Amino acid sequence: MLAQNRTQIKLESADKADIDAKKSISYLRRPVFSHEGAILRCDSAVLYVDRNYFEAFRNVHINQGDTLNIYSDFLNYDGNAKKAHLDKNVRLLDRENTLTTNVLDYDMVAKIGTYTTGGKLVNKDATITSKEGFYFSNTRDAYFKVNVNVVTAEKTTITSEETLRYNTGTNWTYFYGPTHIKNKEDKLYTENGTYNTKSENAMFGKKNLYTNGSRSLKGDSLYYYGKRGYGKAVKNILFKDTKDQTNIWGQLGEYYRDEERIVVTQKAYVAIGTKDTITVNEKRIPDTLWLGADTLESQRSLVKDLSLLSRPEVKKDNEIGVEDEKEKAEKEKEKAEARKLFQQQSEELKNKKVPTTAPDRKLSRKERREREELEKNGGKPKVEPPPTLPDSLTLTKNKLQQDSLLADSLLKTATVVADSTKKTVDKSTKAIVAKAKQNTKSTAATTTAAKNAASTAIKTLAKDTVVTNPADTVRARVIKAFHNVRVYKANMQAKADSLFYTSADSTLRWYNNPILWSNGTQQTGDTINVFFKNSKIHNFQVLQNGFLVNVEGDSTKFNQVKGKVITGFFVEGELRNMYVDGNAESIYYSKNNKGEYDNVNQTVSSRLRFKFADKELTHIVTVREVEGAVDPLDKLTKEALLTGFIWKPELRPTSKADIIKGVPIKPKPKATAAKPTAKNNIKAKTTNTAKTPIKPAVKEVVIPLPKPEELPKLIPKVAIDSLIKKQ
């Protein structure tokens, strides 16, 4: 069978031939051979007829088919094995591909070229180098091994430590080991996947990582479309931004490069670092805020496009104000003081006396003239006649030179304010004003021209000068959460339907039936905002229909507060003060010396303040328009509840695991079924027991929660005003 497949090498032509008949060897000059449809040429050759073998020298050329051409300096060709061994300056040309190497073994039947001493494949889309390589002409595939490096037409670089396959027809690259891909914007890593050098599309399946600046995305499977700047990660994904220490986990993520936006779904959760600390195993560690939702969206947005909130602050008379207003007033005060100091220094420089010349030094002629003129003016410097300039413009010039470098530069561009104006400003202001007033009538036209020229100069400079605002370029992290939102932090937990957070104001905003828990306290309302300061929880604010429930330990007694706005302040991570504004109502259970509940305090006011210590409510401070009553606990026929009472401990996340699970918690049956009746009872008690209404309090009234021995026995109802008088 092998003998039947063998064909003899045929000598088609030669310029000169020397034949050794005994050895069957021919020495040929410029021969042309043909074998199995291939044409072989060279400058000289030695043909071994019996062995069906020849050696070729100089300008070797093999042509196979219409597209494949191989060039080299030397060639050993075996007609029986149908293999060519090419040496020195080897070039293989197949369509638009060029493979160069020093040594190439080419199989004429399989059409496979192999090199082991280093080679390079070049086409219009990529340049590939490696130590070892295999080129398949039939399939247009090329395999590269050891120190593989690919550079695409778009200047993308691909480096691989092991095997890489590249198809010159489709431009798809296949990776079978650790591989790095890098272009001007993105970096990718994988140990198994594909990448198209033309479309920049990628599909990775093992240890995948995408990096863009400070941002990175990884997952069990990773898809990336470079031209579109869109990436998709599937299963066990993690998005990181080292610039603001943001980490987002989930099972499905989509990344949009141009928008710097990531959308994560399927058990999505994010970690936000804080400077609050907790004790674990007798060690203080950072208390991270964990946020989970059905969908998380994160983006770095321009600060100018965001609607930022200001942290509430307690002002005088226990009023809740905005921190920015206070800071703004302080800054304005500092600016005014600095401006006043600057003016004082300027006046001191103007009034400074001219230094006298040392007596032991002989004065020059110029100095003697200046001294004589100085003595004539009474010791004051000589004032040169000012130019024709209205007093208003001169004073404006003087003021602008002191307060604004920008305005000074604008005035210098005006044609009316020439070099003489600059000299004038340095002289005495009084002399300039006096001289200008004498020429008021003759300079009316000049005044108008000066104003017009200055206005034109300012407009011209405004067009040419671009004034930039830092907020126009500064970006801040934004996180949006949608559906089944859950938050866990050691001193705060929450749930809601949606959430918005930005690092620009360090505020968490909860929307649509939010519930916030802190120690034994639960807050509900239409919207809840939690403010951080210096990466520590600072305060919270419940807007519209605010309702707070507080429970001490395992008690079933609910301290309740409701109002339009509830504002709470934290100190070292614990709730210390809380303010309730707008139709404030409260129910509080007091204890006796034995720690047993004995009375129920019910209050209605336009504003209430609550004080906490050691995670328990200790004082109620009524600020204005107070009405209320105190009832012994044993006289109540039903549990006192305010209208709108809600208590949902079963929805409260208890650990980081509840955030990661991502499964909505099923509500348990309500612990209490009592109907809210407190609001009407408060009004009735106040009307029946209080003979005269309480006037609005001018000062704070602190109720330290009365002890039983301070109350008359067998009195069912006691008005708060009479209680205060007895104390």
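Source: prediction; values computed, not measured.

A.B. asks: It is not clear to me how the pattern of salt bridges should be interpreted in this structure. Could you clarify?
C.D. replies: It is possible for side chains bearing opposite charge to pair when their charged atoms get close. Following the criterion strictly, the structure yields 21 salt bridges and no others. Arg30 serves as the salt-bridge partner of Asp15, at 3.4 Å between the closest nitrogen and oxygen. In this pair, Asp15 is assigned in the loop between strand E1 (10-13) and strand E2 (16-20) and Arg30 in the loop between strand E3 (25-29) and strand E4 (32-35), connecting sequence segments 15 residues apart.

A.B. asks: Explain the pairing of strand E30 (residues 277-280) here, please?
C.D. replies: Here is the key point about a regular strand: its side chains alternate between the two faces of the sheet. Summarising the sheet, E30 and strand E31 (residues 283-286) pair through four bridges and their orientation is antiparallel. Residue Thr279 lies in a different strand from E31, and its bridge partner there is Arg284. Between E30 and E31, which pair antiparallel one after the other, the connecting turn spans two residues, and Asn281 there sits at a positive phi close to 55°.

A.B. asks: Looking at this model, I keep getting lost on the confidence of the model for the protein chain. Mind explaining?
C.D. replies: In low-pLDDT regions, the fine details of the predicted coordinates are not to be read closely. Per-residue confidence for the protein chain gives a mean pLDDT of 77, with 71% of residues at or over 70. Note that residues 353-359 has pLDDT below 50 and, in this model, one contact with residues that lie over four places away or in other chains.

A.B. asks: Got a minute to help me understand the nonpolar core in this structure?
C.D. replies: Across soluble globular proteins, you tend to see nonpolar side chains buried next to one another. Counting 92 residues, the largest nonpolar core has Phe54, Leu75, Trp510 and Val530 as the members making the most contacts within it. By size, the runner-up hydrophobic cluster in this structure holds twelve residues, among which are Phe547, Val551, Ile587 and Val600.

A.B. asks: Please explain the environment of Ile272 as it appears in this structure.
C.D. replies: Of note, Ile272 is situated in strand E29 (residues 261-272). A C-alpha to C-alpha distance of 6.0 Å links Ile272 and Thr288, two positions 16 residues apart in sequence. What Ile272 contacts, discounting residues up to four positions off in sequence, is Thr288, Leu289, Ile479 and Tyr501.

A.B. asks: Would you explain the environment of Ala38 in this entry?
C.D. replies: Along the chain, Ala38 falls in strand E5 (residues 38-41). Taking relative accessible area as the criterion, Ala38 reaches 0% and is therefore assigned buried.

A.B. asks: Just checking my understanding: could you explain the side chain of Arg165 for this structure?
C.D. replies: As for its placement among the helices and strands, Arg165 is situated in strand E18 (residues 164-167). In this structure Arg165 comes out as buried when scored by relative accessible area, which is 16%. One polar contact links Arg165 to Asp141, side chain to side chain, over a distance of 3.5 Å. Within the local environment of Arg165, its side chain forms a polar contact with the side chain of Tyr143, the two groups lying 3.4 Å apart. Residues within four places of Arg165 in sequence aside, it is in contact with Asp141, Ala142, Tyr143, Trp172, Thr173, Tyr174 and Tyr176.

Criteria and cut-off values
Residue numbers run consecutively from 1 along every chain, following the written order of its sequence. Per-residue local features of the predicted model are confined to residues with pLDDT of at least 70, and side-chain atom pairs are confined, for both listing and counting, to 80 or more; whole-chain, interface and lining totals are unaffected and use all residues. Note that the side-chain values use all heavy atoms of the structure and ignore hydrogens as well as water. Any Lys or Arg side-chain nitrogen located within 4 Å of an Asp or Glu carboxyl oxygen qualifies as a salt bridge. Helix and strand definitions here come from DSSP, where helices need a minimum of 4 consecutive H or I residues and strands a minimum of 2 consecutive E residues; each element is numbered from the N-terminal end. Pairing between strands is defined by DSSP: at least two bridges between them are needed. As a per-residue measure, pLDDT reflects the predictor's confidence and takes values from 0 up to 100. The criterion used for residue contact is that any of the two residues' heavy atoms lie within 4.5 Å. Among buried residues, the Ala, Val, Leu, Ile, Met, Phe, Trp, Tyr and Cys ones that are joined through side-chain atoms within 4.5 Å form a nonpolar core. Classification of residues uses two cut-offs on accessible area relative to the type maximum, computed with a 1.4 Å probe and protein chains only: under 20% is buried, over 50% is exposed, and between them is partly exposed. For the purposes of these results, a polar contact is taken to be a pair of N or O atoms within 3.5 Å, where, inside protein, one atom must be able to donate a hydrogen and its partner to accept one; residues adjacent in sequence count only when each atom of the pair is a side-chain atom.

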